[in-house]
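# Analysis of the macromolecular model
Each chain is listed here by its residues.
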Amino acid sequence: MTALLKTVGYGFLIIILSPFVVLGLAIFAVYAIIVYLFLEISSLLLFFTGKSFKNDDMETIKLKEIMKKEEIYRQNMMSQPINTVPQHGNNFPPQNNNYYPPQGTNNNYQQQQNQENLNQSSLFDETKKDGDNNE
Amino acid sequence: MNNLLIYLPLLVQLNEKEKKAIGIIAIILLGILLLLGLIARLLLSIKDRKGREIDNYMYDLVSYKIITTPFQFRSYVFKRETKKLYLNNRWALRVFILMAIALIIYVSTFLSGDWNTIWKILDDLFLEIEWPTTKMFGLTIISDWPFIKTPPVIYLTLNGYVTYVAFIISLWCGLNLIGTCFSFSAKIDRSNKVSSKAFGKNLDNMGGNNRGFQ
């Protein structure tokens, strides 16, 4: 019922406002015709000077440039290899994944590496021992 | 107020037929208002949909901070939509101008500049209807369905064809112009409404409740 009354209210409103709506549309129509005449002549002039009217405006060009840069940045991020060097300790530089620290310069890295090697060798020894026993 | 009170005894003394007539008139008026209301609602929804078309290109421009002020926002929309207005209207107006030139040449050459022939053909294209009326409470009001006074006449001659083609082209051009102007006004209206909201600090959008332009 409320929706029906609201619709009837809109009907009243359109009766009252219709002259203003028609006036507004007429003003826009006159504006459209003036714009047409002006831009038709300017597009003709542009055509003979070898330019196009449909070229992007400055803001769109700027936007396209930014989006292109963003796309390139994203592609670079995607194409980078996965971090192959495990991150050890706080001193290990995490900024660049392609950075391989020279051996012997980072004490923490070397210590942990040695510890890992030690663990691996002990594991190897154990398996070897098992193997030996089996033999 | 005293003038209105004069009619009060009249309302009391109404017979059944007159009461029925008043009821029918009230229902017809309500129906007309309802129909107009539905048309208004439809136009408003179309306006809203057309206005939202600016969001497609303005969202990126605002989010990448290429446009930073409400004034820039409005002026950019106006500039871009003016260009679009030209692009949407150009072929209709070109055809209309060519048609008008051709019609002027035709009338001045074959009809010796007699435009009355063209206007008569156009006038006869539409049927003429007459509404039967009756006097009630001192007012002349419609009492029955209308009847056709003069039926439409179609001229299958060269003058007729030229007139009909010119009329159809003018109608198409006019409708196209009204449609594009309506769309243009809807977009300008939306840009005026949204421009301040797009850059204003709104606490409603804090805490991840970003609902975009409302």
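This is a predicted model, so every value here is computed, not measured.

### Describing the overall build of chain A
- On a plain count of helices and strands, chain A comes out with three helices and zero strands.
- Moving toward the C terminus, one meets the helices and strands of chain A in the order α-α-α.
- For chain A, with 135 residues in total, the buried portion stands at 16%.
- Looking at chain A as shown, the accessible area adds up to about 11000 Å², and 62% of this sits on carbon and sulfur atoms.

### With respect to the overall build of chain B
- Secondary structure assignment for chain B yields seven helices and four strands.
- Overall, chain B shows an N-to-C arrangement of helices and strands of α-α-α-α-α-α-β-β-β-β-α.
- Restricting the contact set of chain B to residue pairs at least 6 apart, pairs at least 24 apart contribute 61%.
- Carbon and sulfur atoms form 67% of the exposed surface of chain B, whose accessible area is close to 14700 Å².

### Regarding the packing of helix 1 (residues 2–48) of chain A against helix 5 (residues 70–110) of chain B
- Contact geometry for helix 1 of chain A and helix 5 of chain B: axes closest at 8 Å, N-to-C directions at 85°. The angle between helix 1 of chain A and helix 5 of chain B places the two elements in the roughly perpendicular class. On helix 5 of chain B, the residues touching A:Tyr31, A:Ala32, A:Val35, A:Tyr36, A:Leu39, A:Glu40 and A:Ser43 of helix 1 of chain A are B:Phe78, B:Thr82, B:Leu85, B:Tyr86, B:Asn89, B:Arg90, B:Leu93, B:Arg94 and B:Ile97.

### Thoughts on the pattern of salt bridges
Residues and elements named next belong to chain B.
- If you walk through the whole model with that rule in mind, you get 14 salt bridges over all chains.
- As a salt-bridge pair, Arg190 and Asp55 come within 3.0 Å of each other at their nearest N and O atoms. Separated by 135 residues along the polypeptide, Arg190 in helix 7 (residues 158–199) and Asp55 in helix 4 (residues 54–63) bring together distant segments of the chain. Accessibility classification places Arg190 together with Asp55 in one group, the buried group.
- A single salt-bridge network, built from bridges that share partners, covers Glu53, Glu81, Lys84 and Lys187.

### So, helix 5 of chain B
Residue and element names in this part refer to chain B.
- When the terminal C-alpha atoms of helix 5 are compared, their 57 Å separation across 41 residues agrees well with the 60 Å that a helix rising 1.5 Å per residue should span.
- Maximum bend of helix 5: about 45°, positioned at Arg90.
- Just past helix 5, the residue Ser112 takes up positive phi, approximately 55°.

Definitions and limits used
- Residues numbered from 1 in each chain as written.
- Chains lettered and ligands numbered in written order.
- Predicted model: local features only at pLDDT ≥ 70, side-chain atom pairs only at ≥ 80, totals over all residues.
- Heavy atoms only, no water.
- Helix = DSSP H or I, 4+ residues; strand = E, 2+ residues; numbered from the N terminus.
- Buried < 20%, exposed > 50% of the residue type's maximum accessible area, 1.4 Å probe, protein only.
- Areas by Shrake-Rupley, 256 points an atom, 1.4 Å probe, with all protein chains shown as cover.
- Contact = heavy atoms within 4.5 Å.
- Axes fitted to C-alpha atoms, helices over the stretch in contact; angles between N-to-C directions.
- Parallel < 35°, antiparallel > 145°, perpendicular 65-115°, else oblique.
- Salt bridge = Lys/Arg side-chain N within 4 Å of Asp/Glu carboxyl O.
- Expected span 1.5 Å × (residues − 1).
- Bend = angle between axes of the 7 residues up to and from the residue.

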